[in-house]
Amino acid sequence: MSGERLRNFIGGEYTDAKDGRTLEVVDPSTGEAYAEAPVSGAEDVDAAFRAAAEAFPAWRDATPGERSLAMLRFADAVEARGRELVEAESRDTGKPVQLTMEEELPPMVDNLRFFAGASRVLEGKATGEYLADHTSSIRREPIGVCAQVTPWNYPMMMAVWKIGPALATGNTVVLKPSETTPVSTLMLAEIAAEFLPPGVFNVICGDRGTGRALVEHPTPQMVSITGSVRAGMEVAASAAKDLKKVHLELGGKAPVVVFDDADVESAAQGIAEAGYFNAGQDCTAATRVLVADRLHDEFTAALTEAARGTVVGPPSNTDAFYGPVNSAAQLERVQGFIDRVPGHAEVLTGGTRSGDTGFFFEPTVVGGLRQDDEIVQNEVFGPVITVQRFSDEAQAIEWANGVRYGLAASVWTQNHGRAMRMSKALDFGAVWVNTHIPFVSEMPHGGFKHSGYGKDMSMYGIEDYTRVKHVMHYIGA
């Protein structure tokens, strides 16, 4: 890559943007700009889609084995250059380097390898004679050129979640990373170019206008975005004009339901870790806790103590559990939620910026909240955990489901029957029991309601990036 001056990656090589506009890329742990990224315009978007369209026929027609081998080699190279990728990711996001090496890099590599293998075992209905003298069969085909937009909270991992199923099934991609965190995605494209034909995987930098141009362009047959509810609604509305297929992974407000038979210390520590990981900038973060009345005070005290023991620091701090939030704007957003906490609630710990340099925010617990409070209903996307008290299972279900999001939830109980009832009743795309936030490549991730539609990872992700064709032969004499 070209150091402090970033460039788009189109057709297998770095290229200068035609537009000429740039944006500063800021290190959130210092608040200082360290690079400039292009703001790609219509000409750049055209060039990227032209490259993807030209590459599509040959990549589509490659055998699953050929695509799988290329993806496996790509995964091996990502693993081999893992330290370099993570250091770039940490500079863009402020994530602790060692924690990111341990917690994010291995699942990314595994995800690429999973999709490399999964592409060889696509499924369809059995070929047969469902009508006399006619044989029917199913073809599962790539959709075509895909436009993808990734967020700033997990730039590299979300890029892998997007490109893994798309490339493995024979699609080609134009991907736009967030304007605040483009570096690791550009590096992924550079690495992939060693193993994929030119134009199969293209990355363009830019702002919201660039993303809008991506979605509105006539070439892509599918648009996939991980981002805010607002962005998802805009993408869905825009794509509808051209009847593009849409895949949306949007916001979340995960309920964490703690019953009175839960192990207090274990639950408090696990929930603190799942709430503060990545500075709470995770759509599945365990940030909305509902505690049974009898356990409320003891649990809240334990959670507050766990929060106070959570270390915040820059990427180089090996003891840090999380780093800064993404930007000055995000820091202001998080602080705004705290400043607007109603009088009946109480900030039990944290609630303020940490230090004078960078965009760090203290691990925060807010108690005494009601179901209709702003901080309960809306996604903070920061290191803030709220606590509510519930009286019985019915109220826990009502309050857990009583938000517009439907991405993830967890239940903490020793009662197997209750865990099964709650798993059924919770209106969320993933439900964990006595844990929160683990993912595996074999299982799907995706939500309901305002959290979007479509699945990342798993064979369900493969299905989202393919189309089904029925072929019927007349075989009569």
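Just so it is clear, the model here is predicted, and its values are computed rather than measured.

Within this structure's numbering, the places UniProt gives as "domain: Aldehyde dehydrogenase" (unreviewed entry) are residues 15-471. Across residues 15-471 one finds 40% helix and 21% strand; the C-alpha atoms that close the span lie 42 Å apart.

In this section: unusual backbone geometry. With a phi angle near 70°, Asp133 is a residue other than glycine that sits in the positive phi range. Within the secondary structure, Asp133 is located in the loop between strand E5 (128-131) and strand E6 (134-142). Residue class for Asp133 comes out partly exposed when judged on its relative accessible area of 44%. Positive phi, normally seen in glycine, also occurs at Phe381, with a value near 60°. Assignment of secondary structure puts Phe381 in the loop between helix H13 (374-377) and strand E16 (384-390).

Turning our eyes to something else, we now look at the pairing of strand E19 (residues 430-433). Side chains of E19 alternate between two faces, with Ala430 and Trp432 buried and Val431 and Val433 left unburied. Bridging between strand E18 (residues 408-412) and E19 involves four bridges; their strand directions are parallel. Its bridge partner being in E19, Val411 is matched across the sheet by Val433. In terms of handedness, the path from E18 via helix H15 (residues 416-425) over to E19 forms a crossover that is right-handed.

Moving on to helix H14 (residues 393-401). Inspection of H14 places Ala396, Trp399 and Ala400 among the buried residues, and these make up the whole buried set. All buried residues of H14 lie within an arc of 100° about the axis, which places them on one face of the element. Turned more than 90 degrees away from the buried face of H14, the exposed residues are Ala394 and Glu398.

Moving on, we get to the packing of aromatic side chains. In this structure the tally under the stated criterion is eight aromatic pairs. When the centroid spacing of 5.7 Å and the interplanar angle of 75° are considered together, the rings of Trp161 and Phe439 count as edge-to-face. With Trp161 in helix H6 (residues 155-168) and Phe439 in the loop between E19 and strand E20 (448-449), this pair connects stretches of sequence that are 278 residues apart. Assessed through its relative accessible area of 32%, Phe439 is described here as partly exposed.

Conventions we followed
Residues numbered from 1 in each chain as written. Predicted model: local features only at pLDDT ≥ 70, side-chain atom pairs only at ≥ 80, totals over all residues. Heavy atoms only, no water. UniProt positions renumbered as here; feature names shortened; annotations may be inferred. Helix = DSSP H or I, 4+ residues; strand = E, 2+ residues; numbered from the N terminus. Buried < 20%, exposed > 50% of the residue type's maximum accessible area, 1.4 Å probe, protein only. Pairing = 2+ DSSP bridges. Right-handed = clockwise from strand over helix to strand, strands pointing away. Arc of directions from axis to C-beta. Phe/Tyr/Trp six-rings, centres within 6.5 Å; stacked < 30°, edge-to-face > 60°.

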